[in-house]
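Okay, here's what each chain looks like letter by letter:
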Amino acid sequence: MYGYLFRIRVNKNEIKNHLILEEDDNYKWESLQGQVYGQYIHNAGIYPGVANFLLHCKVRGVKVYIISHKTEFGHHDTSQTPLREEALNFLKQNDLLSGDYGIQEKDVFFFDTRHEKVNKVKELKCSYFIDDLPEVFREDNFPKKTTKILFDIQSEYAMNCACKSWLEVNKFVFKQTETDDIAMYVEKGINKKVKSVQIIKGRGNSSVYKIEMNSGQEYAGKFYPDPTFDDRDRLAKETKACRFLHSYGIKSVPEHVWSDTNLNFGLFEWINGKEIVEITDEDVNRAAEFVTSLAKLSEHTSNKEFSLASAACLSGQMIEEQIRDRYATIREFSYFNSELRRFLENDFVHTFEEILSKSKKIWPGTFEIELSADYQLLSPSDFGFHNIMLTKDGLKFIDFEYFGWDDPVKLTCDFLLHPGMALTNERKNIWAENMITIFSGDPSFKQRLNASYFLYGLCWCLILLNEFCEDEMGKRNFAASGEYDITQKQAEQLLKSKSLLDHLNLTYKSGFPYE
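Residues numbered from 1 in each chain as written. Predicted model: local features only at pLDDT ≥ 70, side-chain atom pairs only at ≥ 80, totals over all residues. Heavy atoms only, no water.

Mean pLDDT over the chain: 90, with 93% of residues reaching 70 or higher. Every residue in residues 1-9 scores below 50 in pLDDT, and together they form 49 contacts with partners more than four places removed in sequence or on other chains. (pLDDT = per-residue confidence, 0-100. Contact = heavy atoms within 4.5 Å.)

This is the structure:
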């Protein structure tokens, strides 16, 4: 098999076509190729999902070959960088030829022409062949018994099997990631034998596993959603957050054990606890105490230490833009559901216009100006009892995939609005009082809270409708390992969104409802 291993964020074909049209020949394009695959190849990274796919092949005893159409030197390359040698160095530097992934240098082949390349595929009797160039599959000598898989990130070509990510390639070849695959990740990473792997159901977008070692040690393994089209880098954010918090003595979060960016997988301390079903006043106060520790830590942390939290909103305008962006995305999919379309274009739009107008009138200062760094909070972003475990040592806080700087008003509102929690009005009041006290040093906190609560409520109306979006359906199916009734879930989420919008309509004229 041949893998397209380089991670490129732009459309390669668009660059190619632009350069060729610029001078009506291939000179610039061939020159660029010679440099990218030669002296600058060390700047490339492994494409998301490649390492996973190779390990999955190894677990199943599937032999992998790399068969490349690559000349000795790049066209018009004055440096005369040996392309094949650089390609091998790249594979070695990324540990792909160590044998850990089932490939050694003897399994890599280079040829001057596509015809020779395809002959090698035939000679090796490959069952599958993966390439990003459709021309390869059009060669007359391409073996008929070999299944063609086109790696087509831009979905530009019509083929029976065209995959836009390596996760899709894995699904096509192996259907799904098995617990034996997860065991292989862990054993490779920490060099210890795994006794058992158990998938934990209902943990949102990521797949979470309980991993028991032969030694008896238990860990939580987390396999994050495909990052091919998601730049939020959930693994890096969560890893850095847990390390950072532990380094400052905050032990109420999981300890990071090991992670691998290429595998998109992290290993954390296993927390022996249970979900909180009946929330008490004490639980709300303990959650507020954790926010207090974050607020104190934020005061002494450079703003450069962390990036913004996912979906951070540092101004009223940022909240408005987020609502408009979410609305536009979901509206695209509403043409397949008349009930959803009527709700969006009639009920939602009317309420949005009313609430936005009022929020702009009562916003403290300028609606477009971002909150000063002095008052920003290091926020988990997705914070609530859906991500809190009750243990014998107290509450433990999990899920820091979106960690970063944000307005503490957003965390305050999200906690109150999150549909995954069943808070009584009395406990919502306790939460609001705690937050107002914690952030009493912020002169405009209460005003921003009053002006933005209903805008965040509109955000949540739309977040509830993410199930109608193709990308979100893929993430949920990923986390649920395919066991997911999307039609039923969409109907449930639309009902919740309507209910929340009703709440906002009934209360927004009176102001923030929990004081």
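Attention now moves to the environment of Thr 146. Structurally, Thr 146 can be placed in the loop between helix H6 (134-137) and strand S4 (147-151). Of the residues examined, Thr 146 reaches a relative accessible area of 7% and is grouped as buried. Separated by 21 residues in the primary sequence, Thr 146 and Lys 125 have C-alpha atoms spaced 7.4 Å apart. The residues contacting Thr 146, other than those within four sequence positions of it, are Val 121, Cys 126, Ser 127, Tyr 128 and Phe 129. (Helix = DSSP H or I, 4+ residues; strand = E, 2+ residues; numbered from the N terminus. Buried < 20%, exposed > 50% of the residue type's maximum accessible area, 1.4 Å probe, protein only.)

If you look at the biggest cluster of nonpolar residues, it comprises 83 residues, and the most contacted ones within it are Phe 385 and Trp 431. The biggest single contributor to this core is helix H15 (residues 445-463), with 12 residues. Leave out the neighbours within four places in its chain, and Trp 431 touches Val 284, Ala 287, Ala 288, Val 291, Phe 383, Leu 411, Thr 412, Phe 415 and Leu 416. Membership of the second largest hydrophobic core comes to 47 residues, among which are Leu 96, Val 173, Phe 223 and Trp 258. (Core = buried A, V, L, I, M, F, W, Y, C linked by side-chain atoms within 4.5 Å.)

Moving on, we get to a nonpolar patch on the surface. A cluster of nonpolar side chains, contributed by Ile 15, Leu 32 and Val 36, occupies part of the molecular surface with about 190 Å² of accessible area. Residue placement: Ile 15 occurs in helix H1 (residues 12-23). Judged by its relative accessible area of 32%, Ile 15 is partly exposed. (Patch = residues over 30% accessible without salt bridge, like charges linked within 9 Å, V, L, I, M, F, W, Y side chains within 5 Å. Areas by Shrake-Rupley, 256 points an atom, 1.4 Å probe, with all protein chains shown as cover. Salt bridge = Lys/Arg side-chain N within 4 Å of Asp/Glu carboxyl O.)

What follows covers helix H12 (residues 338-362). Between its first and last C-alpha, H12 extends 35 Å over 25 residues, near the 36 Å set by a 1.5 Å rise per residue. Along H12, the sharpest change in direction is near 35° and occurs at Phe 348. When H12 is considered as a whole, its buried residues turn out to be Leu 340, Phe 343, Leu 344, Phe 348, Thr 351, Phe 352, Ile 355, Leu 356 and Ser 359. Looking at the packing, one finds that the buried side of H12 touches helix H11 (316-333), H15 and helix H17 (486-507). If you check the start of H12, you find a side-chain oxygen 3.2 Å away from the backbone N of Glu 339, and it comes from Asn 337. (Expected span 1.5 Å × (residues − 1). Bend = angle between axes of the 7 residues up to and from the residue. Polar contact = N/O pair within 3.5 Å; in protein donor to acceptor, adjacent residues only side chain to side chain.)

Okay, the sheet that holds strand S5 (residues 162-163) next. Sheets are built from strands paired through backbone hydrogen bonds, the pairs being either parallel or antiparallel. The strand order across the open sheet built from 3 strands is S3-S4-S5, with neighbouring strands paired in parallel fashion. What marks the edges here is a single partner per strand, and that holds for strand S3 (128-131) and S5. Here S4 runs beside S5; their pairing, made up of 2 bridges, is parallel. Directly across from Leu 150, in S5, lies its bridge partner Ala 162. The strands that helix H7 (residues 166-174) touches are S3, S4 and S5; relative to S4, the one it contacts most, it runs at about 165°. (Pairing = 2+ DSSP bridges. Axes fitted to C-alpha atoms, helices over the stretch in contact; angles between N-to-C directions.)

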